[in-house]
Amino acid sequence: MYEKETYDVIGKSRPRVDAVKQVTGQVQYLGDMHVKDMLYAKAVLSTEHHARILSIDTAEAEKLPGVHAVVTAKDVPHNLIGITLDDTPVLAEGKVRYKGEMVAAVAAETYDIACRAAKLIKVVYERLPAVFDPREAMKADAPVIHDEMQGKDYKGNIHVVPATGELCQKLRHGDVEEGFKQSDIIIEHKFATCPQKPLPIENFCTLAAPDGNDGMTIWSTQQCVFGNAGHLAKVIQMPLSKVRVICPAMGGGFGEKNQLGTEPVTAVLALKARRPVKLELTTEESLQFTGTKHPMYFTYKLGAKKDGTLVAMKRECITGAGAYRSVAMLITMKVTYWGAGPYNIPNQHADCYVVATNKQIGSAFRGFGMAQPTFATEVMMDMLAEKLNMDPLELRKKNIYRDGDHMATGQAVRAAGIELVLDAVAAMAGWEKTS
Amino acid sequence: MKLTIRFKLNGKAVSAAITPEMTLLTVLKDVMLVNSVKRACVSGECGACTVIVDGKAMNACLILAMTIEDKNVETLENLGAPDRLHPLQKAFVEMGASQCGFCTPGFIMAAKAFLDENPDPTEEQIRVALSGNLCRCTGYVKPVKAVQQAIQEMKDIESGLTPVQAIQGAARIMQGHSAEELNIQIH
Ligand code: FES
Ligand code: FES
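Here we take up the overall build of chain A. When you go through chain A residue by residue, the secondary structure sums to 13 helices and 19 strands. C-alpha extents for chain A along the principal axes are approximately 75 × 60 × 40 Å. Residues classed as buried in chain A amount to 54% of the 435 residues present. In chain A, the proportion of contacts linking residues at least 24 apart, taken out of those at least 6 apart, comes to 78%. Accessible surface computed for chain A: about 19300 Å², of which carbon and sulfur atoms make up 55%. When the 51 basic and 51 acidic side-chain charges of chain A are each reduced to a single mean position, those positions are 2 Å apart.

Okay, structure coming up:
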């Protein structure tokens, strides 16, 4: 059934359909797009990690010849958006919560004029204490980042779980304390994962063009055009049927471009200028403005029998969400339910927190929440193998899901190919020879 | 202040109205509307804007446009077309050395300028020559292999093999696809 010879494509190397266009430079990415009457935009990013905005003076910028629109939060028809919580402003309002957050933007005849105008916008901040480590941010005396959303959505900097009203997402399976009692060996360890940048070579770029029919066409480097069309329609207060989002060729996204980036502010600029506007970030701006893989801090306890049979696993995860929630709750849900790896563990307990910090908004990035706990869980498995003086491959094979098993959530396992994969990887790596 | 500069773009004499602070990248992208050249870091870090100026690979984002007066600027548009790919272009296709393709024009231009001066480099030298070009998709192994395959093919053509034989030889190296399959025609 799994013989690759039976497939035309699987198991065979095929050229990309667009490869010839790519190597001859004919692919049109967004940065290569020009439309008639197009204006160039520049954004003003926050220079502070956490600050109150005392004033924004745009008068000088507006006076500069060639400038067609300057926008701040008050120009955004609907400023607060979000994927599971509307806590993210298109342009900062009242406060900035990370260095790199968009505060204002201009659209002008040329990119150079836009840059000069952006420099003329004067933002006065009152600096507030900032917090970067989610473990610090959980403490009672930490500076509170979302002071107006306390109660239902945030408790201090901890995100309240919408479905349960609790402070963490929980997994309970069997009796974990009883499991540790039955274990012959218990190991405990802490892990931290870093906030990697997706950083595709093509930066976020959007071209928004108002059309004659009270609508808007938005070309963007966007992995999630349909999902985000709804958010964009809300931002510019147009019916969804009037908003078209188009993604031409994309110069890499790696998850980062699942979320909205330059789209909302460009659409707002186009609305105000009544002309097509293009906003293309530089890499320097991207590094500050766009998200990172969520950093996570894990505390693990794993119990097993002498023969390697896993008995109990207790996990705590603290996810650094960055300044706004975005996908952090969904990412952490995956950590909660599936972070223990593809192993039968009859007694499990997990508490997973999402915590706001004064950093860029966490984003999807290759694995959507699975890379971080997998790293921690697999290191635990290696440590256990070493303690038991057992082959790490054998330890895994002893505990992996097979057809008919049930996950901690009760989900039945079907078509489990884990053993085939492990064997294939071991053969390719020459595992026998090394161990 | 507007000035006019004259230079050669892919062999053709052109002129452009510029302002003194404009870079070559701005001129190519926003004035001449050259499609293949890419704008990314704008600070000389990524190589996406690589073009060949008087035979040397350069980052267009680091060159003031005023300084290219009378010079010859080559972009990927000058190399080959879909129906007659340059060996480098063909090798990038066959080797899977472009994924999103955004870095690809810069890689190919950097490789072209390098091979023009060093037709028979070691792998190490290729890696050094491409070290100014960042790719977030491929992991670099394939672009380096593609350059090696292109070198082999250029040697084969030079040593008198017909292009078809040369392509068959190249295809053997990467056990991939026939030229027909890729819809590449040989002239
Ligand atoms: S855009 Fe010129 S090196 Fe990156
Ligand atoms: S192919 Fe995507 S950056 Fe190189």
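Now, onward.
Let's shift gears to the domain arrangement of chain A. Residue and element names in this part refer to chain A. Domain boundaries assigned for chain A yield domain 1 (36-128 + 198-281) and domain 2 (154-196 + 292-429). Just the C-alpha atoms count here: the centres of domain 1 and domain 2 sit 37 Å apart. Taken together, the contact between domain 1 and domain 2 spans 17 residues of the former and 21 residues of the latter. At the junction of domain 1 and domain 2, the tally comes to 0 salt bridges. Put simply, domain 1 and domain 2 have 11 residue pairs in polar contact (both at pLDDT 80 or more) between them.

This part takes up the pairing of strand β7 (residues 102-108) of chain A. Strand residues, when the strand is regular, have side chains that alternate between the two faces of the sheet. Residue and element names in this part refer to chain A. Counting buried residues in β7 gives 7 out of 7 residues, a clear majority hidden from the surface. Across 6 bridges, strand β1 (residues 39-45) lies against β7 in antiparallel orientation. Paired with Y40 across the two strands is A108, which belongs to β7. Two elements, strand β3 (residues 67-71) and β7, share 4 bridges in a ladder whose sense is antiparallel. Paired with V71 across the bridge in β7 is A105.

Take the packing of aromatic side chains next. All names here are of chain A. With the rule as written, the count across this model stands at 6 aromatic pairs over all chains. Ring geometry for F191 versus Y300: centroids 5.6 Å apart, planes at 85°, classification edge-to-face. In this pair, F191 is assigned in strand β12 (residues 185-192) and Y300 in strand β17 (residues 296-304), connecting sequence segments 109 residues apart. Per residue, the accessibility class of F191 equals that of Y300, and both read buried. Summarising the aromatic geometry, the rings of F191 and F375 are spaced 5.8 Å apart at their centres and angled 80° between planes, so their arrangement reads as edge-to-face. Remark: F375 occurs in helix α10 (residues 371-388) and F191 occurs in strand β12; sequence separation between them is 184 residues. A network of ring pairs unites the aromatic residues F191, F298, Y300 and F375 as a single cluster. Between K293 and the ring centre of F365, over which it is positioned, the NZ or CZ distance is 4.8 Å. Cation over ring: K301 sits above F180, and NZ or CZ is 4.4 Å from the ring centre.

All names here are of chain A. Space inside the largest pocket adds up to approximately 500 Å³. Taken together, 20 residues form the lining of the largest pocket, with K42, A43, L45, K119 and E285 sitting closest to its centre. Considering only residue class, the lining of the largest pocket consists of 9 nonpolar, 6 polar and 5 charged.

To continue, consider empty space enclosed by the protein. Residues and elements named next belong to chain A. Applying the stated rule across the entire model yields 3 cavities of 30 Å³ or more. Empty space within the largest cavity amounts to approximately 450 Å³. What lines the largest cavity is a set of 27 residues, among which T88, L260, G261, F289 and I361 lie closest to the centre. The class makeup of the residues in the lining of the largest cavity is 15 nonpolar, 10 polar and 2 charged. Summarising the domain contributions, the lining of the largest cavity has at least three residues from each of domain 1 (36-128 + 198-281) and domain 2 (154-196 + 292-429). Roughly 70 Å³ of internal volume is contained in the second largest cavity.

Looking now at the interface of chain B and chain A. Contacts between chain B and chain A engage 40 residues on the former and 35 residues on the latter. For the pair chain B and chain A, the summed buried surface comes to about 2800 Å²; carbon and sulfur atoms form 57% of the total. Among the residues chain B hides against chain A, the three largest losses belong to B:N35, B:F102 and B:R136. Together they make up 22% of the total. Note that B:R39 is salt-bridged to A:E280, the shortest N-O span being 3.4 Å. Joining chain B to chain A, the criterion identifies 20 residue pairs in polar contact (both at pLDDT 80 or more). Elements with a minimum of two residues in the side of chain B that touches chain A: α1 (24-31), α2 (87-94) and α3 (104-117) of chain B. By residue class, the composition of the side of chain B that touches chain A is 22 nonpolar, 10 polar and 8 charged.

Turning our eyes to something else, we now look at the packing of α2(B) against helix α5 (residues 141-158) of chain B. All names here are of chain B. Where α2 contacts α5, the axes come no closer than 8 Å and their chain directions differ by 135°. Taken as axis vectors, α2 and α5 run oblique relative to one another. The two elements α2 and α5 cross, and the hand of that crossing is right-handed. Contact residues: α2 offers P87, L88, K90, A91, F92 and E94, while α5 offers P143, A146, V147, Q149, A150, E153 and M154. Residues belonging to the contact of α2 with α5 are distributed by class as follows: 9 nonpolar, 1 polar and 3 charged.

Turning our eyes to something else, we now look at the side chain of A:T357. Tracing the backbone shows A:T357 in the loop between β19 (347-356) and α10. Residue contacts for A:T357: discarding those within four places in its chain leaves A:R97, A:V131, A:F132, A:D133, A:P134, A:A137, A:I145, A:G322 and A:A323.

What follows deals with the nonpolar core. One finds B:L88, B:F92, B:I108, B:I126, B:L130 and B:V147 to be the most contacted residues of the largest nonpolar core, which totals 42 residues. Of all the secondary-structure elements, those providing two or more residues to this core are α1 (19-23) of chain A together with α2, α3 and α5 of chain B. A per-element tally of this core places α3(B) first, with 8 residues. Three or more residues apiece are contributed to this core by two domains, here domain 1 (3-77) and domain 2 (87-174) of chain B. In this view, B:I126 contacts B:F114, B:P121, B:V144, B:V147, B:Q148 and B:I151; residues no more than four positions away in its chain are not counted. Formed by 41 residues, the second largest nonpolar core is a distinct cluster that contains A:A41, A:L232, A:V265 and A:I361.

What counts and what doesn't
Residues numbered from 1 in each chain as written. Chains lettered and ligands numbered in written order. Predicted model: local features only at pLDDT ≥ 70, side-chain atom pairs only at ≥ 80, totals over all residues. Heavy atoms only, no water. Helix = DSSP H or I, 4+ residues; strand = E, 2+ residues; numbered from the N terminus. Buried < 20%, exposed > 50% of the residue type's maximum accessible area, 1.4 Å probe, protein only. Contact = heavy atoms within 4.5 Å. Areas by Shrake-Rupley, 256 points an atom, 1.4 Å probe, with all protein chains shown as cover. Lys, Arg positive; Asp, Glu negative; His and termini not counted. Charge placed at Lys NZ, Arg CZ, Asp CG, Glu CD. Domains from an automatic or database assignment. Salt bridge = Lys/Arg side-chain N within 4 Å of Asp/Glu carboxyl O. Polar contact = N/O pair within 3.5 Å; in protein donor to acceptor, adjacent residues only side chain to side chain. Pairing = 2+ DSSP bridges. Phe/Tyr/Trp six-rings, centres within 6.5 Å; stacked < 30°, edge-to-face > 60°. Lys NZ or Arg CZ within 6 Å of the ring centre and 35° of its normal. 1 Å grid on protein atoms, 1.4 Å probe; cavity = no way out; pocket = protein on both sides within 12 Å on 5 of 7 lines; lining within 4 Å. Points joined across faces, edges and corners; volume = space filled by probe spheres on them. Nonpolar A, V, L, I, M, F, W, Y, C, P; charged D, E, K, R; others polar. Buried area = accessible area lost by both parts, 1.4 Å probe. Axes fitted to C-alpha atoms, helices over the stretch in contact; angles between N-to-C directions. Parallel < 35°, antiparallel > 145°, perpendicular 65-115°, else oblique. Left-handed = near helix turned anticlockwise from the far one by under 90°. Core = buried A, V, L, I, M, F, W, Y, C linked by side-chain atoms within 4.5 Å.

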